[in-house]
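# Results of the structural survey
Now for the letters of each chain:
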Amino acid sequence: MQGCTTLPASTIHHSQKDVDLFAPGLARAHLVGIAGSGMRPLADVLSQAGWTITGSDIRAEALAGLPYKVGSGHRTELIDPHLDLLVHSDAVASDDPEVARARALVVPVLSYPQVLGQLMNARRGVAIAGTHGKSTTTAMAGDILSASGLDPTVLYGAAPIQPTSASRLGHSRWLVAEACEYRENFRHLKPQMAVVLGMELDHVDCYAQLADVEAAFARFVSRVPAEGVTIIPEECAASRRATANVACSVETFGLSPAATWQAASLRERRGYYSFEIRQRRRFVCEVKLAVPGKHNVANALAAAAIANHCGASAAATRTALEHFQGLSRRLEVVADDGSIAVLNDYAHHPTEIAAALSTVRQMYPGQRLWCIFEPHQASRIGRLLDEFARALHNADKILVTDIYRVREKPTMHGVTAADLCRRAQELGADATHVAGAAEIKQHLQPSVRGGDVIVTLSAGLFGALAHELGQRFCAVRKAG
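Residues numbered from 1 in each chain as written. Predicted model: local features only at pLDDT ≥ 70, side-chain atom pairs only at ≥ 80, totals over all residues. Heavy atoms only, no water.

## Concerning the overall build of the protein
- Assigned secondary structure in the protein consists of 14 helices and 20 strands.
- Here the C-alpha radius of gyration of the protein, 22 Å, is about what a compact globule of 480 residues would show, namely 23 Å.
- Projected onto its principal axes, the C-alpha coordinates of the protein cover approximately 60 × 55 × 45 Å.
- Counting the 480 residues in the protein, one finds 55% classified as buried.
- For the protein, the share of sequence-separated contacts (at least 6 apart) that also reach a separation of at least 24 residues comes to 67%.
- Element-wise, carbon and sulfur atoms account for 50% of the exposed surface of the protein, whose accessible area totals about 19100 Å².
- When the 48 basic and 47 acidic side-chain charges of the protein are each reduced to a single mean position, those positions are 3 Å apart. (Helix = DSSP H or I, 4+ residues; strand = E, 2+ residues; numbered from the N terminus. Rg over C-alpha atoms; globule rule 2.2 N^0.38 Å. Buried < 20%, exposed > 50% of the residue type's maximum accessible area, 1.4 Å probe, protein only. Contact = heavy atoms within 4.5 Å. Areas by Shrake-Rupley, 256 points an atom, 1.4 Å probe, with all protein chains shown as cover. Lys, Arg positive; Asp, Glu negative; His and termini not counted. Charge placed at Lys NZ, Arg CZ, Asp CG, Glu CD.)

## Quick look at the pairing of strand 13 (residues 272-279)
- Among the eight residues of strand 13, six are classified as buried, and the element is accordingly described as predominantly covered.
- Counted along the chain from strand 12 (residues 261-269) to the antiparallel partner strand 13, the turn is two residues long, and its residue Arg270 has a positive phi close to 50°.
- Here six bridges tie strand 13 to strand 14 (residues 282-288), and the two strands are oriented antiparallel to one another. Directly across from Glu276, in strand 14, lies its bridge partner Glu286. (Pairing = 2+ DSSP bridges.)

## Concerning helix 1 (residues 39-48)
- Where helix 1 is concerned, the buried positions are Met39, Pro41, Leu42, Ala43, Val45 and Leu46.
- Along its buried surface, helix 1 packs onto strand 1 (28-32), strand 2 (52-57), strand 4 (85-88), helix 3 (112-121) and strand 7 (153-155).
- Looking at the residues trailing helix 1, positive phi occurs at Gly50, about 110°.

## Overview of the sheet that holds strand 7
- Strand order in this open sheet of nine strands is 7-8-6-9-10-11-12-13-14, and the pairing throughout is mixed. Two strands in the sheet have a free side with no partner beyond their single neighbour: strand 7 and strand 14. Here the average twist between neighbouring strands, direction ignored, is 15°.
- Examined bridge by bridge, strand 11 (residues 249-254) and strand 12 share two bridges and lie parallel to one another. Counted as the bridge partner of Phe253 is Trp261 from strand 12.
- Sitting on the sheet, helix 4 (residues 134-147) is in contact with strand 6 (124-129), strand 7 and strand 8 (174-178), with an inclination near 160° to strand 8. (Axes fitted to C-alpha atoms, helices over the stretch in contact; angles between N-to-C directions.)

## Digging into the environment of Met120
- Turning to its location among the elements, Met120 is positioned in helix 3.
- The spatial distance from the C-alpha of Met120 to the C-alpha of His188 is 9.5 Å, given a sequence separation of 68 residues.
- When neighbours within four sequence positions are excluded, Met120 is seen to be in contact with Gly125, Val126, Ala127, Leu175, Ala177, Leu189, Lys190 and Pro191.

## Considerations on the packing of aromatic side chains
- Within the structure shown, the criterion is met by three aromatic pairs.
- With 5.1 Å between their ring centres and 75° between their planes, Phe186 and Phe217 make a pair best called edge-to-face. In this pair, Phe186 is assigned in the loop between strand 8 and strand 9 (193-196) and Phe217 in helix 5 (residues 210-221), connecting sequence segments 31 residues apart. Like Phe186, the residue Phe217 is buried in the burial classification.
- Taking 4.5 Å as the distance between ring centres and 10° as the angle between the ring planes, the aromatic pair formed by Phe186 and Phe220 counts as stacked. (Phe/Tyr/Trp six-rings, centres within 6.5 Å; stacked < 30°, edge-to-face > 60°.)

Given below as C-alpha cells:
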C-alpha cells in the first residue's frame, strides 16, 4: 500500500496470538484510549461479555460519564499486574507507557482492529466500510436486525440520539460493525458480508492517491468467502473496480433501476425523503425516513440489503428505518425555536461538507446559513484545499477555525486555516478565519438574527459548541 503509515511491529507484540474473548476465567481488560469513537463501544461490548473494564485516555474531559474505572493520561500505575488483556486505540503511540508495562507483564496486547477481527471470527461478520456513512449504516442495520428479533452484536463509532440503537452484545450469530480503511485496519476482518459505501481519497497520510485506496479496498473485499456477498453503490466506479475480481457475489444499491437494491419513487419534503425499496425491481416496502439528507437514502438502502441477507423481514425493515432518529453529530438538530436553528455535524471531508450544507438548505429553505468549520488534519486540507473551498461555498457566512491536528506535529504541513479562508474568498465566499470557540461566540453575538441557521462541522473539539450556541441564541427546543 503505497504511502501508508503503519504501526511498528513492536506496537502489536503478542497480537498474533488469538485471545478467546468469551473464554471463562479471562476477566480484566484495560483499554488505552477508551474514550475514542471505536473504543468506547468496544468497552461496552466486552463489559456485556463479562469482562471487568478499566481504561485511560489523555482527554480527561472525555472520560466523564463512562461507567468504568478510568484514569486520565497514560500511566503505568493504571495497569493491574493481574491484567488479562490490554487493548489500545490505533492512535496510541508505539512507546506508550501502559502498552510497555503490559508487555513487561507478558499480557496480550491487541489493537482495536485486531480485537474487532477476533470478535468477528466468533460470529458471522458484516463489515461496513467506505469513506462516508459507516456509522449511520451500521446503526440502521443493527436496528433492523434487532426489530426482526435477530439479536445481533453491533459496534459503531457514534452515539445514538435514541437509546435503543447503542452498540450492544447480542446472542445470535450476527455481528455488524464498521470497518475502517485508515492504515488498512480492515485487513484484520474476515466478514461473511462486506459493504462498501463508496470510496474517495481521504486519509492522505496513509494513501498517496485514489488508486492506493482502491487497492486497499480490493484486498478487504477479497477476504469475503465465495459463499458470501459484497454490496456496493451502483454508481461508484471505484467500488466496481475494487470488487472486479472477488470470488463472492456482488450486489449494488442506488437510484437506478439497474441496481440490485433501488430507491424508487423518491419524494422529498424539507430535506426528508420517502421512497420505495425494491429488490431486483420487486417491491419490498415503502419507507419515510426520520433523518434528513439524500445521502441517508443510500445508507438506508445498504442497511436494508444487509438485513435481507441476515433474514430480517420487510416489515421490520420499514419499522426500524422509520423509527431511526439518527446519531449524534450527524446533522443533529440541537436547537430550533422557530426563529433560529442550530445543527451539529461531523463532516470533515469536502463531500460530507457539501452534502451537509445542501441538506440544511433543503431543511431551512430561504434562510441565512452560517457554517462554522473546524478543519481536521492539515495534510487533508492541504491536499484537498480547492475541494474544501468549493464545498463551503454553499453557506452565506463561513467561519473557519484553526486546524485540529491529530497524529500531526505543529511543524508538519504548512497549510493553515487562513489559507483555506483565502481560497474560499477567491471563489466569492464570505469566509472569516477565527481562532477558536471563544472568538466564534464573540463574532456571532452581534451578528446572528432571527431566521438564521447555524451549523457546526467538526470531527474534533467542537462537539459541544453547537449545544452552547443553541443555549445562547435559542429558546431551546430539541427537534423531534
